[in-house]
Amino acid sequence: MKVQDRFLHYITIPTSSIEENLSCPSNPDELKLAEYLADELRGMGLKSVTLTESSYLYAHLPASEGCTRLPSIGFIAHLDTSPSFNGNDIKPQIIYNYSGVDILLKGAKDYIKVSDFPDLKEMVNKTVITSDGTSLLGSDDKAGIAEIMTALEQIITEQLPHGHIYVAFTPDEELGRGCDKFEKDYFPVDFAFTVDGDYEAEVAYENFNAASAKFEIKGREVHPGEAKGIMVNASLIAAELISLLPAHERPENTEGRQGFFHVCDIKGDVSHAEVNLIVRDHDKKLFNKKIDLLRTLERKLKLKYSEDTVELTVTDSYYNMLDVMQDHMDIITLANQAIAKTGLAPISRPVRGGTDGAQLSFMGIPCPNLGTGGYGFHGPYEHVCVESMETVVNVIKNIVSSAK
Ligand SMILES: [Zn+2]
């Protein structure tokens, strides 16, 4: 089956993850997609297919004859789509021989503009798939799933020599829970790749170090008419705290390897306020320095008001996989060669976010991220190029057939 036909079928199964639902999977429909994929894998002849009740799907294609000594390689994609935009009732628009103009999203009477998405310039004369603008498209990460499944099918039918291949499809990546119930026993690989990025010639092995921070602020409420010398306004302390964060280290003012403090939400009245923020930096030293700054601000406000006015809680989320990958750069070389074989020049850029592969790398599975050919994720402007999806299928096959 062609990669785009698989993709177009997978997006008919809605799998938006649901933040408020703490069960796993957060959306029972993720299990429906996993069951469909499990059947498809069995139909390809894979014997060892395991679907857990938490909707983690694992499958193993044993090494071909004489290839058992080759490294065991894994490929991973996620079942859910982002909850940040409608993911139901997706009506795809397929544009053949794309001319390079802004693309009309017929359901929303809106456009995907070339000026906003310069990647479209590379898709001229190719086939582009978009939604109709009333939903996201779901190429994040159903393009990744379709590419892994199609590569697997071609490896089998073309009888390519290969070592052990494992695939895993995981739930709730978009909620940051994709690795919570990952069972390594079903995935005994030497290394793996997530297929969850955008540009098809990219292999990414650097991501943010990440933490979330919460300031709880306690005020003292009295009648404003009689407040002199008594009232402590928690909301104003929250505002003061935010004003003390460096303005040049905000998401809207940073790029590349520059980290940031991002104030995600503030709520408050006189007696109580809360400031939630996230901290990101590729560099571990600068990351720790940012956390130190938050602790300094906590101390400063405690001194200025009182010891029990401000309470800071910091929770680490994930770390930069580069710390692990720098000892496994042969994997990046393998991916770069696999990409170069398709005629494209491989690139690697630091990811300004996290991937499931980052967590897996720290769980002992070095796991960089490959592109999918999709762009504009998490919203109505999401689009994917069919030829790019075909390239990713070849990248996966090239990785498998050149691994030594
Ligand atoms: Zn994704």
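Thresholds applied
Residues numbered from 1 in each chain as written. Predicted model: local features only at pLDDT ≥ 70, side-chain atom pairs only at ≥ 80, totals over all residues. Heavy atoms only, no water. Helix = DSSP H or I, 4+ residues; strand = E, 2+ residues; numbered from the N terminus. Rg over C-alpha atoms; globule rule 2.2 N^0.38 Å. Buried < 20%, exposed > 50% of the residue type's maximum accessible area, 1.4 Å probe, protein only. Contact = heavy atoms within 4.5 Å. Areas by Shrake-Rupley, 256 points an atom, 1.4 Å probe, with all protein chains shown as cover. Lys, Arg positive; Asp, Glu negative; His and termini not counted. Charge placed at Lys NZ, Arg CZ, Asp CG, Glu CD. Pairing = 2+ DSSP bridges. Axes fitted to C-alpha atoms, helices over the stretch in contact; angles between N-to-C directions. Donors = N, O, S within 2.8 Å, 3.2 Å for Na, K, Ca; no water. Domains from an automatic or database assignment. Buried area = accessible area lost by both parts, 1.4 Å probe. Salt bridge = Lys/Arg side-chain N within 4 Å of Asp/Glu carboxyl O. Polar contact = N/O pair within 3.5 Å; in protein donor to acceptor, adjacent residues only side chain to side chain. Nonpolar A, V, L, I, M, F, W, Y, C, P; charged D, E, K, R; others polar. Arc of directions from axis to C-beta. 1 Å grid on protein atoms, 1.4 Å probe; cavity = no way out; pocket = protein on both sides within 12 Å on 5 of 7 lines; lining within 4 Å. Points joined across faces, edges and corners; volume = space filled by probe spheres on them.

The helix and strand inventory of the chain stands at nine helices and 17 strands. The C-alpha radius of gyration of the chain comes to 24 Å, within 12% of the 22 Å expected for a compact globule of 404 residues. Counting only C-alpha atoms and orienting by the principal axes, one finds that the chain spans roughly 85 × 50 × 40 Å. Looking at the chain as a whole, 53% of its 404 residues are labelled buried. In the chain, 79% of the contacts between residues at least 6 apart in sequence involve partners at least 24 apart. When the accessible area of the chain is evaluated, it comes to approximately 18,100 Å², of which 51% is carbon and sulfur surface. When the 38 basic and 60 acidic side-chain charges of the chain are each reduced to a single mean position, those positions are 4 Å apart.

Moving on to the sheet that holds strand β1 (residues 48–51). Spatially, β1-β2-β8-β3-β9-β15-β10 is the arrangement adopted by the seven strands of the open sheet, whose pairing is mixed. Both outer strands of the open sheet, β1 and β10 (203–204), are each paired with one neighbouring strand and no more. Bridge count between β1 and strand β2 (residues 57–61): four bridges; the pairing is antiparallel. When the sheet's bridge partners are listed, S48 is paired in β2 with H60. Helix α3 (residues 139–157) contacts β2, β3 (73–78), β8 (165–170), β9 (191–197) and β15 (369–371) of the sheet and is inclined by roughly 145° relative to β3.

Moving on, we get to the coordination of the zinc ion. Those protein atoms acting as donors to the zinc ion are H78 (NE2), D140 (OD), D196 (OD) and D196 (OD), and they sit at 1.9 to 2.7 Å. Of note, the donors binding the zinc ion are all from one chain and are spaced H-x61-D-x55-D. Linking D140 in helix α3 with D196 in strand β9, this pair joins segments that are 56 residues apart in sequence. Each member of the pair, D140 as well as D196, is classed as buried.

This part is about the domain arrangement of the chain. Many structure descriptions define interface size as the accessible area lost when the parts assemble. Along its sequence, the chain is carved into domain 1 (3–206 + 321–402) and domain 2 (209–318). Placing a centre on the C-alpha atoms of domain 1 and another on those of domain 2 gives a separation of 37 Å. Domain 1 puts seven residues into the contact, and the matching count from domain 2 is eight residues. Regarding the contact of domain 1 and domain 2, the summed buried area is about 700 Å², with carbon and sulfur atoms giving 47% of it. Taken as a group, E206, P350 and R352 account for 64% of the area that domain 1 buries against domain 2, more than any other trio of residues on that side. Inspection of the domain 1/domain 2 interface yields one salt bridge. When the shortest N-O distance is used, the salt bridge between E206 and R257 registers 2.8 Å. Put simply, domain 1 and domain 2 have seven residue pairs in polar contact (both at pLDDT 80 or more) between them. Of the residues that constitute the side of domain 1 that touches domain 2, the class distribution is two nonpolar, three polar and two charged.

A separate point is helix α4 (residues 234–243). Of all the positions in α4, only A234, I237, A238, E240 and L241 are classed as buried. Considered in projection along α4, the buried side chains sweep an arc of 160° and stay on one side of the axis. Exposed and oriented more than 90 degrees from the buried face of α4 are L236 and S243. On its buried face, α4 is in contact with β11 (209–218), β12 (260–268), β13 (272–281), α5 (284–304) and β14 (310–318). Backbone nitrogen of S235 and a side-chain oxygen of the N-cap are separated by 3.0 Å at the start of α4; the cap is N233.

Before going further, it helps to spend a moment on the layout of surface pockets. Computed from the structure, the largest pocket encloses a volume of approximately 1,300 Å³. Lining the largest pocket are 40 residues, with Y318, V351, R352, G353 and G354 sitting closest to its centre. For the lining of the largest pocket, the per-class residue count stands at 15 nonpolar, 12 polar and 13 charged. Counting contributing residues per domain, the lining of the largest pocket is built from domain 1 (3–206 + 321–402) and domain 2 (209–318), each supplying no fewer than three. Its volume calculated, the second largest pocket comes out at about 180 Å³. A breakdown of the residues in the lining of the second largest pocket according to their chemical character gives five nonpolar, two polar and five charged.

Our focus in this paragraph is unusual backbone geometry. Omega for the bond connecting C24 with P25 falls within 30 degrees of zero, at 5°, which places this linkage in the cis form. Examined against the element boundaries, P25 turns out to sit in the loop between α1 (3–10) and α2 (28–43). D140 connects to D141 through a cis peptide bond whose omega is 15°. Here D141 shows up in helix α3.

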